[in-house]
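Coordinate analysis (summary)
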Amino acid sequence: MASHQLPSARRPLRLLLALTVAATLHTVTIAQDDDQPGQPNVIVILADDLGYADVGFHGCRDIRTPNLDRLADQGIVCTAGYVSHPFCSPTRAGLLTGRYQQRFGHENNPTFNPQDEQTGLPSGEITIADVLRKAGYVTGAVGKWHLGAAAPFHPRVRGFDEFIGFLGGGHSYFFKTEARRSPEYLVDVERNGQPLQWKGRYLTDVLSDEALAFVDRHKAAPFLLYLAYNAPHTPLEAPPEYIEKYASIADEKRRVYAAMVTAVDDGVGRLLDRLEDLGLDEQTVLFFLSDNGGPVGINGSSNQPLRAGKGSVYEGGIRVPYVVRWKGHLQPARYGEAVSSLDIFPTAAAVAGGQLPTDRHIDGVNLLPYLRGRQSGAPHETLFWRTGGGAAFAVRTYGDKLVRHSDRNDELYDLSSDTPESHDRLAAEARAARQLRGLLEQWNSQLVPPKWEGPRRRQPL
Ligand code: CA
C-alpha cells in the first residue's frame, strides 16, 4: 500500500470515524497502572446498616472487629468515605454503575415482587460486572441483591457469571418457612438458579463460605467478587455462641447487633486468610464499606459522633466505614479527603484495564492516583445527595456542607471543625451558602424524578 496516498484520504476518514464514534455507544480504555501485576482481582465487601462508629478502626470499644481492623491496618482508611444514598437499594445502584442513581430514577427501594419488571436497576445501565467481565474477569455476586426481583434484574443478566444469595432487601438469618415474616425475608437463597440447602446454618457464615468457595474456584483467573452481606441489617438474629461473647453489653439490641458484626468480621477474617494462603494479597484490590449509616435505635448501631443515621442526609446517614486495601501497591494510611462509593466502579475498571462507557456521565473517580499520592488535591470537588425526589438534599464541597430539607430552612456546616453538624453557619456564611445552592441546583437539573415510590413496609427502609 502506497503510504503517500494516506494523507489526503486520512483526514476525512478520521473525521468520519470521530463522528461515528461520537454518535454511537463507545468506550474508552483506561490505561492500566504502570506498576501493577496484570489484572488484579477486585473484591468489594459491603456491610448492611453498619454504623460509622461500630468498627475498631473508628475507635469502637464494645464490639470487637479484629479482622476488619487488620484490613484497616493493611489498607487505607478513608475517614470521609461516603455512600451515594442513605439507604440500601439506591446506594447499590450507584455503587454498581459508578453513577448517581438519581440520574436514572433509582431513588427508592424496589418493592419485592418477582413479577414486577418496572422496579429495579434499569436495564440500560452498565454495571461494574459488565465492564470487568468484558475485560476478562470472572464475576460473582454473593449475598443481598436488592436491585429488583424480576427476571430482567437478576444479577446473572447484569454482568455476574455467578450469583449465590437472595434477591430482596434482607433475609432471615436462620432457615425458616413460617409466614409471619415478610416473604421477601424467607425467599430461597439460591446458588446459580438452584435453591441452596442451608438449613441449620447461620446465613452470614453461609455467605462467607460461599465467598471463600468462589475465590477457590477462580483463584487462577482474575475475578470480581461482590460480597454483599445483609448483616447487620435487621432482623436481629445471631447464634447463641456469638451473642454470649457480648454478655457485657446490657442493651439487648446492641448485644445481638454486636454478635452479627462479629460474624461478619469472622467471615472477612477467613477471606483475608484465604487470600494470604493463596498468595493473592498483592493480586487483589479489596474495598470494604457499609451501604449506609447505622439506623440508630433500630438495630443497636452507633454513628457517633455523626449526626442522625440511615435515611438521613446528615453525616450519620451517608458517611460510613470505608477501607481500600491493595498490599504492596497502596501504603497503609488514613485518608481524609472525601471519597464515594461511586468511585469503586472507575477504580476497578482502571486496575482491570476495563472500558468505561462514555455515552453517559460517570460520577465516580479512579481513586488510585490520589491514594498513591501521585495526584494532589481531592478526588471530588463536590459530592451530592438527594432523597425522596427532593424531600432532602445535601452538597459537600471540601469542608462545607449545605443540607436542605423541603420542610425547613437550609443549613450550612463546616465539617472540618464540626463533624457532628451542630453549628449552623448559614447566616454567617451567606456567600458560601449561595455557591453551594448554585452547585446543588445545577446537579439537580441533571436528574430525573424517581421511577417508582418506595415500598410501604413495617420497618423503615
Ligand atoms: Ca442498608
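Below or above, wherever it landed, is the structure these notes cover. Note that the coordinates shown come from a computational prediction; the quantities given were computed from them, not determined experimentally.

**Here's the deal with the coordination of the calcium ion**
Working reference: metal with six octahedral donors, ideal angles 90 or 180 degrees; metal with four tetrahedral donors, ideal angle 109.5 degrees. The calcium ion binds to the protein through D48 (OD), D49 (OD), C88 (SG), D291 (OD), D291 (OD) and N292 (OD1), with metal-donor distances spanning 2.2 to 2.7 Å. Geometry at the calcium ion is irregular, judged from its six donor atoms and the angles of 53 to 155° they form at the metal. If you list the donors of the calcium ion from N- to C-terminus, the spacing comes out as D-D-x38-C-x202-D-N. The pair formed by D48 and D49 is uniform in burial state, with each residue classed as buried.

**Section: the pairing of strand 16 (residues 392-397)**
With six of six residues buried, strand 16 lies mostly within the body of the structure. Of the two faces of strand 16, the one holding A392, A394 and R396 and the one holding F393, V395 and T397 are both buried throughout. One ladder, built from six bridges, connects strand 15 (residues 382-387) with strand 16; its direction is antiparallel. When the sheet's bridge partners are listed, F384 is paired in strand 16 with V395. The hairpin turn running from strand 15 into strand 16, its antiparallel successor, is four residues long, and G388 in that turn takes a positive phi close to 60°. In this structure, strand 16 lies alongside strand 17 (residues 400-405), joined through six bridges in antiparallel fashion. Looking at strand 17, one finds that A392 is bridged to H405.

**Digging into helix 9 (residues 344-352)**
Summarising burial for helix 9: nine of the nine residues are buried, a large majority. Of all the positions in helix 9, only I344, F345, P346, T347, A348, A349, A350, V351 and A352 are classed as buried. Of the residues one or two after helix 9, G353 is the one with positive phi, at around 70°.

**Overview of the nonpolar core**
Among the nonpolar cores identified, the biggest contains 53 residues, and I43, I45, L203, F223, L225, L227 and F288 are the most heavily contacted of them. Of all the elements in the fold, those that place two or more residues in this core are strand 2 (41-47), helix 2 (66-74), strand 5 (138-144), strand 6 (162-166), helix 5 (203-217), strand 9 (223-228), helix 7 (252-277) and strand 10 (284-290). Considering each element in turn, this core owes the most residues, twelve residues, to helix 7. Look past the residues within four positions of L203 in its chain and what remains in contact with it is F166, H171, S172, Y173, V189, W198 and N230. Of all hydrophobic cores here, the second largest spans 50 residues; its members include V83, F104, L224 and A228.

Each value, and the rule that gives it
- Residues numbered from 1 in each chain as written.
- Predicted model: local features only at pLDDT ≥ 70, side-chain atom pairs only at ≥ 80, totals over all residues.
- Heavy atoms only, no water.
- Donors = N, O, S within 2.8 Å, 3.2 Å for Na, K, Ca; no water.
- Tetrahedral: all angles 85-135°; square planar, octahedral: opposite > 155°, others 65-115°.
- Buried < 20%, exposed > 50% of the residue type's maximum accessible area, 1.4 Å probe, protein only.
- Helix = DSSP H or I, 4+ residues; strand = E, 2+ residues; numbered from the N terminus.
- Pairing = 2+ DSSP bridges.
- Core = buried A, V, L, I, M, F, W, Y, C linked by side-chain atoms within 4.5 Å.
- Contact = heavy atoms within 4.5 Å.

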